[in-house]
Every structure is written in C-alpha cells, then in structure tokens.
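Here's the letter readout for the chains.
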Amino acid sequence: MTASIRLRRLALGIGLLLTFGLLYALFVHFTGLAVPCLFREITGLECPGCGVTRMCISLLRLDIFAAWRANSVLLLSLPVFVTLFVRFALRYVKTGSVKSTKAEGIVCWILIAIFLVWGVLRNLHL
C-alpha cells in the first residue's frame, strides 16, 4: 500500500471520528442525554475518564474553565495525546507501521500510571 493510500485512509478515519464526535456533541447539547459511565453507575465512584463528554463540549464552546472542572488531568494531558497521535499518524503514512518507539511506550505507561492515580485521588474528596 502506498503512502498516498495510507494518508487517504487516515484522513477518512479522522473525518469519520470527528463527524461522529460532533454529532454526539450536538445530540448531548440538544437532548441533555449522554452515554453514562458504567463504572460510576455500578460503584458510585468516578473513573479517570469521567467528565470527558463535558470536557469536550466545554472545549467546543472554548470554555477552558468548565473543561478544567470536568476532567483536569485529561485536559492537561491532551497535548501529550495529540503529540503521540501525530507521531503515530506520520509513521503510519510513511511506513505503514504504527509500532511505538521505546520513548513513546514509556510515555504511554506514564500516562496509564497518572490516570490510575487520578482515578483514586478524585474519589478521596480531600
């Protein structure tokens, strides 16, 4: 598969993801209904990702303070996620592989650890 085909496939995937995300945001905005967090429904506790919908909708409105209140750790980590995504996307287009480098793997493990700690701390209500 050539780089131009991989680029088109990537662009299509990103386009579909953005379209779905915007449609979901509009649905939530106009109906007030959102997909509930199963972890929170079962345990009553917030998972590390609780608030992601509110955060994304706040970012679409350019309301950084509301996004911060919804999920501050995820908001702070967005630049890291975007950087990793761009690196993987460029590698995929150039080589057809998305295999991570050692540094990227370490960053992913650090993010996992941060979100696990965040998942505990946000429920302590200190």
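Position numbers for residues count from 1 along each chain, tracking the sequence in the order it is written. Totals for whole chains, interfaces and linings use all residues, but because this is a predicted model, local features are given only for residues with pLDDT of at least 70 and pairs of side-chain atoms are given and counted only at 80 or more. Side-chain numbers come from the whole structure's heavy atoms, not from hydrogens or water.

### Focus on the pattern of salt bridges
Side chains that differ in sign of charge can pair as their charged atoms come close. Applicable threshold: Take a side-chain nitrogen of Lys or Arg and a carboxyl oxygen of Asp or Glu: if they are within 4 Å of each other, that pair is a salt bridge.
Taken as a whole and judged by the stated rule, the model has five salt bridges. Where Asp63 meets Arg61, a salt bridge forms, and the shortest distance between an N and an O atom there is 3.8 Å.

### With respect to the environment of Glu104
Stated formally: Runs of E in the DSSP output that reach at least two residues are strands. Runs of H or I that reach at least four are helices, and both are numbered from the N terminus. Only protein chains enter the area calculation, which uses a 1.4 Å probe; residues under 20% of their type maximum are buried, those over 50% are exposed, and those in between are partly exposed. Whether two residues touch is decided by their heavy atoms; if any such pair falls within 4.5 Å, the residues are in contact. In protein, a polar contact means a hydrogen-donor-capable atom and an acceptor-capable atom, both N or O and within 3.5 Å, with residues adjacent in sequence counting only if both atoms are side-chain atoms; elsewhere, any N or O pair within 3.5 Å suffices.
Here Glu104 shows up in helix H5 (residues 102-121). Its relative accessible area of 2% is what places Glu104 among the buried residues. Between the alpha carbons of Glu104 and Thr83 there is a distance of 10.0 Å; along the sequence they are 21 residues apart. Setting aside residues no more than four positions away along its own chain, Glu104 makes contact with Leu84, Arg87, Phe88, Arg91 and Lys99. At a separation of 2.7 Å, a polar atom in the side chain of Glu104 contacts the side chain of Arg91.

### As for a nonpolar patch on the surface
The condition that has to hold: Patch membership needs two things, relative accessible area over 30% and no salt bridge, and members are linked within 9 Å if like-charged or within 5 Å if nonpolar (Val, Leu, Ile, Met, Phe, Trp, Tyr). Computed with a 1.4 Å probe, the accessible areas rest on the Shrake-Rupley method; for each residue, only the protein chains presented here act as cover.
On the surface, Ile14, Leu18, Val82, Phe85, Val86 and Leu90 cluster together into a nonpolar patch covering about 530 Å² of accessible area. For the nonpolar patch, the element with the most residues is helix H4 (residues 64-95), which contributes four residues. Within the secondary structure, Leu18 sits in helix H1 (residues 3-31).

### Digging into unusual backbone geometry
Negative phi is the rule for most residues except glycine; trans is the rule for most peptide bonds. With a phi close to 60°, Leu62 is a non-glycine residue in the positive phi region. As for its placement among the helices and strands, Leu62 is situated in the loop between helix H3 (52-60) and H4. For Leu62, a relative accessible area of 73% gives the class exposed.

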